[in-house]
Amino acid sequence: MNPRRHAPAAERLSRRRLLTASATLAGATAVTGAAPGRAATTAGVRSSDRRRHRPGPPGSAGVRLRWLGNNGWEITFGDPGRPTTILIDPWITRFRTGTYTPKGADPATPLSVDTALIDDLRLRADQILVTHGHYDHLPDVPYLAARTGATVLGTETHANLLTALGAPEDQLSVVHGGEYLQFDGYTIQVINSLHSMTGPRSRVPFPGTRPGSPPPRPRVISDLVEGGTLAYLITVGDGLGILDSGGANYDARHLAGLAPDVLLLQPGGASVPGYVPRLLDVLDHPSYVVPTHWDDFDHPLAEPARDWGGLAELEAAVHRADPGARFLRLDHLESYTF
């Protein structure tokens, strides 16, 4: 969909315009949700009662965050010999789509998975968290799930698309948003979120769901529909909380009371009133804001990240909204230990 032409999904889609315009679970049990917030704040949303873990010196929490490019993240902690590992939207292949070119991505671009490139990273995973079903988030997950044995969390649509792409069905856990899952020494909270919307009609690119049975095997990028968007809050012990918002959009009602220490935040959000300041307010001003989904993924992960054009404005917006927040920009495969 080219926003300049308001064309159907069968035509080209520009991610630059998109972003700027804008259950059985192995080893887990559900626990009660977060406590209700205290006083009312922005737009009728309640602020947080979660006891924030104010991060100490680097390394003190023992939680390592590594950027895998786009919205891909690796979070590791625990035993150094065999750390617990959580992956978010791992997309290593980064096949060329032209997404950030003036013409945008061609919906007929074939899907592919570079297994040798993925193997070179020697990724492990206990859980893989899928925020939504698009081509720059989902395609590598089936191979990584089979290779690592990880449990994969996502919506019914995500699970059906993953099954159609060959993911092991017994490793897929369908979530809806609202789940609060206890693991050994950490929790994962699943939160309803929203995808970026673009153009004068505020449309989600490649929209739709695939409920019921898995569809035919997806072949091109337009086959991978959004399928609902989820955010995830990972909290290690009683301490550090890391939130991936899932898109350059959000429903503030579902974020009240979370108070993460680290926010993984996408550029864009132009279609969202007060995108950055309102988000930081409702999250009770996280100590760290780490940009995500800011690189042009036509270029390989082995090269330094190339800004598609939204990074500087995101950093400026964060500093305007909260001069005390640390804006922590990582490069491809660079890590930071909290």
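Sequence positions are assigned chain by chain, starting from 1 and proceeding in written order. Reporting in this predicted model follows two pLDDT cut-offs: at least 70 for local features of residues, and 80 or more for side-chain atom pairs to be given and counted; totals over whole chains, interfaces and linings ignore these cut-offs and use all residues. Excluded from the side-chain calculations are hydrogens and water; all other atoms, namely the structure's heavy atoms, are used.

A. Structural view of the overall build of the protein chain. Secondary structure follows DSSP: runs of H or I at least 4 residues long count as helices, runs of E at least 2 residues long count as strands, and numbering of each begins at the N terminus. Regarding its fold elements, the protein chain presents six helices and 15 strands. When accessible area is computed with a 1.4 Å probe and restricted to protein chains, residues below 20% of their type maximum are described as buried, those above 50% as exposed, and intermediate ones as partly exposed. With 338 residues in all, the protein chain has 56% of them scored as buried. Calculation of accessible area relied on Shrake-Rupley with a 1.4 Å probe; when residues are assessed, cover is drawn exclusively from the protein chains displayed. Counting only carbon and sulfur atoms, one obtains 50% of the accessible surface of the protein chain, whose full area is about 13,300 Å².

B. Structural context of the pattern of salt bridges. Should a side-chain nitrogen of Lys or Arg be within 4 Å of a carboxyl oxygen of Asp or Glu, the pair is scored as a salt bridge. Across all of its chains, the model carries eight salt bridges by this definition. Across the salt bridge formed by aspartate 298 and arginine 96, the nearest N and O atoms sit 3.4 Å from each other. With aspartate 298 in the loop between β13 (288–291) and α6 (311–321) and arginine 96 in the loop between β4 (84–88) and α2 (115–121), this pair connects stretches of sequence that are 202 residues apart. Arginine 96 sits in the exposed class, given a relative accessible area of 56%. Close ionic contact of aspartate 119 with arginine 147 constitutes a salt bridge, the shortest N to O distance being 2.9 Å. Here aspartate 119, found in helix α2, pairs with arginine 147, found in helix α3 (residues 141–148); they are 28 residues apart in sequence, far enough to count as distant. On the basis of relative accessibility, which here comes to 27%, the residue aspartate 119 falls in the partly exposed class. A network of salt bridges, in which partner residues are shared, links Arg64, Arg66 and Glu74.

C. Unusual backbone geometry, seen in detail. The phi angle at alanine 259 is positive, at roughly 50 degrees, despite the residue not being glycine. Within the fold, alanine 259 resides in the loop between β11 (241–244) and β12 (262–265). Owing to a relative accessible area of 0%, alanine 259 belongs among the buried residues under this scheme. Its identity as a non-glycine residue notwithstanding, histidine 293 has a phi of 60 degrees, on the positive side.

D. Here's a closer look at the sheet that holds strand β5 (residues 127–129). At least two bridges found by DSSP between two strands is the condition for calling them paired. Strand order in the open sheet formed by seven strands is β7-β6-β5-β4-β3-β2-β15, and the pairing between neighbours is mixed. Either end of the sheet is taken by a strand with one partner, and the two such strands are β7 (172–174) and β15 (335–337). Sheet twist, expressed as the mean angle between neighbouring strand axes with direction ignored, is 20 degrees. Bridging between strand β2 (residues 64–67) and β15 involves three bridges; their strand directions are antiparallel. Its bridge partner lying in β15, leucine 65 is registered against tyrosine 336. Strands in contact with helix α4 (residues 156–164) are β6 (151–154) and β7; relative to β7, the strand with the most contacts, it is inclined by about 155 degrees. Under this scheme, a helix contributes an axis fitted over its contacting stretch, all axes are lines through C-alpha atoms, and angles between N-to-C directions fall in the 0 to 180 degree range. Between two residues, a contact is recorded if the distance between any of their heavy atoms is within 4.5 Å.

E. Geometry of the packing of helix α5 (residues 275–282) against α6. Put simply, α5 and α6 touch, their axes get as near as 9 Å, and they point 50 degrees apart. On the basis of the axis angle, α5 is oblique to α6. When the axes of α5 and α6 are compared, the crossing they make is right-handed. Between α5 and α6, the contacting residues are Val276, Pro277 and Leu280 on the first element and Leu314, Ala317, Val318 and Ala321 on the second. Angle categories are assigned with fixed cut-offs, so that under 35 degrees is roughly parallel, over 145 is roughly antiparallel, 65 to 115 is roughly perpendicular, and the rest are oblique. Put simply, a crossing is left-handed when the front helix is turned counterclockwise from the back one by less than a right angle, and right-handed when it is turned clockwise.

F. The arrangement of the pairing of β13 in detail. The alternating pattern of β13 places Tyr288 and Val290 on one face and Val289 and Pro291 on the opposite face, and all of these are buried. Direction of pairing for β12 relative to β13: parallel, over a ladder of four bridges. Its bridge partner being in β13, leucine 265 is matched across the sheet by proline 291. Whether a crossover is right-handed depends on one test, that the path from the first strand over the helix to the second runs clockwise when the strands point away from the viewer. In this fold, the crossover linking β12 to β13 by way of α5 has right-handed handedness. After leaving β13, the chain enters α6 and then returns to the sheet as strand β14 (residues 326–327), a path that is right-handed.

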